[in-house]
Amino acid sequence: MKKICAIMCLVFYLSSCYTPRYVYSPVTQNIPSIEKKNDIEFAANYGTSIDLFRSKHNYNNGLDLHTAWAFNKHFAAMLNENIRWESNGTNDTYFAGDSSQLSYKRNFTEVAAGYFTSMKDNIKMLFQVFSGVAFGRSTIADQFFSSGSLDMKYHQSRVTKLFIQPAFVYKPTAGFSTALSMRFTKVAFSKINTNYTDIELNNYLLDSLTFSPVYWWEPAVTYTFGFKKFPLKFRLQGTISVLLNHRFVEHRTSNIGIGIVYNPLGRKPKMAAPAEN
């Protein structure tokens, strides 16, 4: 009985000394409100996540810059820039035995092309699907106390993402639209540079990142609203990130995007007055 208690205490102690090392954070998805050829849209979004263990040094801040251009009556291209500054530590876990304070820097450039069309039964309902690739880097900086002194470890990697993003957009009025998107993302890590030991990589679920890609399903709901004659609109998006792999990795599970949208060619031109005889 004493041996069993000792083993249980050891397991609890080891688990209590664990702070997650997040390898992935979902971004604000670009769901442009384009309907016809030469429609252009620019958007800037602040991104964050819902953290149950919020404290002074635990945060997830992001900037998502979006552009989209309809170069054809049914085809469009998009270019996005995603940046994340994050941090988490002992208050981000149920246990308080780990002295590590983690900080992250992630940046990605997304390039995509897609198809869009209005539904035959309801012209206010639009369907679009974009497919693209993102290139970037992810850096984890780990500060912790060792023998009473502050020490540092790091984990750096190149990241390539492939995604397909179907979405339905409903525009009942010129000043409001809502969208439901379902992004599927494949993430591959390469050129990893770290000073974690093999045991630490295994403990922090980082050792298997180069074995195979990691897959996520990311449904999102987007609301865009504004005024008919005002060029700027406001956008709110909520995203959930669901890991599809049988192999678990630590990741952020949500993103809240709040942004401003500018559509310079989105307003209909005024009709010219008829010429007098």
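These notes cover the structure that comes with them. Residue indices follow the written sequence of each chain, beginning from 1 at its first position. Under the rules for a predicted model, residues below a pLDDT of 70 receive no local features and side-chain atom pairs below 80 are neither given nor counted, while totals for whole chains, interfaces and linings still include all residues. Neither water nor hydrogens contribute to the side-chain values; these are computed over all heavy atoms in the structure.

### Some remarks on the nonpolar core
Rules: By nonpolar core we mean a set of buried residues, namely Ala, Val, Leu, Ile, Met, Phe, Trp, Tyr and Cys, connected to one another through side-chain atoms within 4.5 Å. A 1.4 Å probe rolled over the protein chains alone gives each residue an accessible area, and that area as a share of the maximum for its type sets the label: buried under 20%, exposed over 50%, partly exposed in between. Numbered from the N terminus, helices here are DSSP runs of H or I no shorter than four residues, and strands are runs of E no shorter than two. Any two residues whose heavy atoms approach within 4.5 Å are treated as being in contact.
The biggest cluster of nonpolar side chains holds 20 residues, and the ones touching the most others in it are Val23, Phe189, Leu206, Trp216 and Val249. Ranked by the residues each element gives to this core, the list is headed by strand S4 (residues 101-118), at 3 residues. With near-sequence residues (within four places) excluded, Val23 lies in contact with Arg106, Phe189, Leu206, Leu209, Val249 and Glu250. Ala76, Met78, Ala112 and Phe116 belong to the second-largest nonpolar core, a separate cluster that totals 9 residues.

### Here's the deal with the pattern of salt bridges
Note the following rule: A pairing counts as a salt bridge when a side-chain nitrogen of Lys or Arg comes within 4 Å of a carboxyl oxygen of Asp or Glu.
One pass over the structure, following the stated rule, counts 9 salt bridges. Of the charged contacts in the structure, one is a salt bridge between Asp142 and Arg21, with a shortest N-O distance of 2.7 Å. Taken together, the positions of Asp142 in strand S5 (residues 125-146) and Arg21 in the loop between helix H1 (2-16) and strand S1 (40-48) put the pair 121 residues apart, joining distant regions of the chain. Note on Arg21: relative accessible area 0%, which makes it buried.

### Notes on the packing of aromatic side chains
The condition is simple: Aromatic rings from Phe, Tyr and Trp, with only the six-membered ring used for Trp, were paired whenever their centres fell within 6.5 Å, and each pair was classed as stacked if the ring planes differed by under 30 degrees, edge-to-face if by over 60, and tilted otherwise.
Following the criterion strictly, the structure yields 7 aromatic pairs and no others. Between Phe75 and Tyr115, the ring centres sit 5.5 Å apart and the planes meet at 65°, which makes this aromatic pair edge-to-face. A residue pair is termed long-range when its members are at least 10 positions apart, and Phe75 in strand S3 (residues 75-88) and Tyr115 in strand S4 qualify at 40 residues. Owing to a relative accessible area of 31%, Tyr115 belongs among the partly exposed residues under this scheme. For the pair Tyr196 and Tyr204, a centre-to-centre distance of 5.4 Å together with 65° between the ring planes defines the contact as edge-to-face. As far as burial versus exposure is concerned, Tyr196 and Tyr204 are alike and both buried.

### Quick notes on the environment of Arg106
Relative to the helices and strands, Arg106 is located in strand S4. For Arg106, a relative accessible area of 2% translates into the label buried. Counting along the chain gives 52 residues from Arg106 to Arg158, while the straight-line C-alpha distance between them is 9.8 Å. Setting aside residues up to four positions removed in sequence, Arg106 forms contacts with Tyr22, Val23, Tyr24, Ser25, Asn82, Ile83, Arg84, Glu86, Arg137 and Ser138.

### Here we look at the environment of Val159
Along the polypeptide, Val159 turns up in strand S6 (residues 149-173). Exposure remark for Val159: the relative accessible area of 4% places this residue in the buried category. Put simply, Val159 and Arg106 are 53 residues apart on the chain and 9.3 Å apart in space, counted from C-alpha to C-alpha. Excluding residues within four positions of it along the chain, Val159 makes contact with Phe108, Ala134, Phe135, Gly136, Ser138, Val187, Ala188 and Phe189.

### Some thoughts on the pairing of S3
Applied cut-off: When DSSP finds two or more bridges between a pair of strands, those strands are recorded as paired.
As judged from the 11 bridges shared by strand S2 (residues 59-69) and S3, these two strands associate in the antiparallel manner. Paired with Ala68 across the bridge in S3 is Met78. Taking the residues between adjacent antiparallel strands as the criterion, S2 and S3 are bridged by 5 residues. Sheet topology note: the S3/S4 ladder contains 14 bridges and is antiparallel. Residue pairing for S4: Ser87 is matched across the bridge by Ser103.

### With respect to unusual backbone geometry
Non-glycine residue Lys191 carries a positive phi angle of around 50°. Relative to the elements of secondary structure, Lys191 occurs in strand S7 (residues 176-194). With phi around 60°, Leu205 is a residue other than glycine that occupies positive phi space. Examined against the element boundaries, Leu205 turns out to sit in the loop between helix H2 (198-203) and strand S8 (214-226). On the basis of relative accessible area, Leu205 is assigned to the partly exposed category, the value being 28%.

### Quick look at the side chain of Arg21
Operational definition: Polar contacts, as counted here, are pairs of nitrogen or oxygen atoms within 3.5 Å of one another; within protein the pair requires one atom able to donate a hydrogen and one able to accept it, and residues that are adjacent in sequence qualify only if both atoms are side-chain atoms.
There is a polar contact of 3.1 Å between the side chain of Arg21 and the side chain of Ser100. In terms of polar contacts, Arg21 uses its side chain to reach the side chain of Asp142, at 2.7 Å.

### Remarks on the pairing of strand S9 (residues 232-240)
Here 7 bridges tie S8 to S9, and the two strands are oriented antiparallel to one another. Bridge pairing in S9 places Tyr223 opposite Leu236. Remark: 5 residues form the turn of the hairpin made by S8 and S9, two consecutive strands paired antiparallel.

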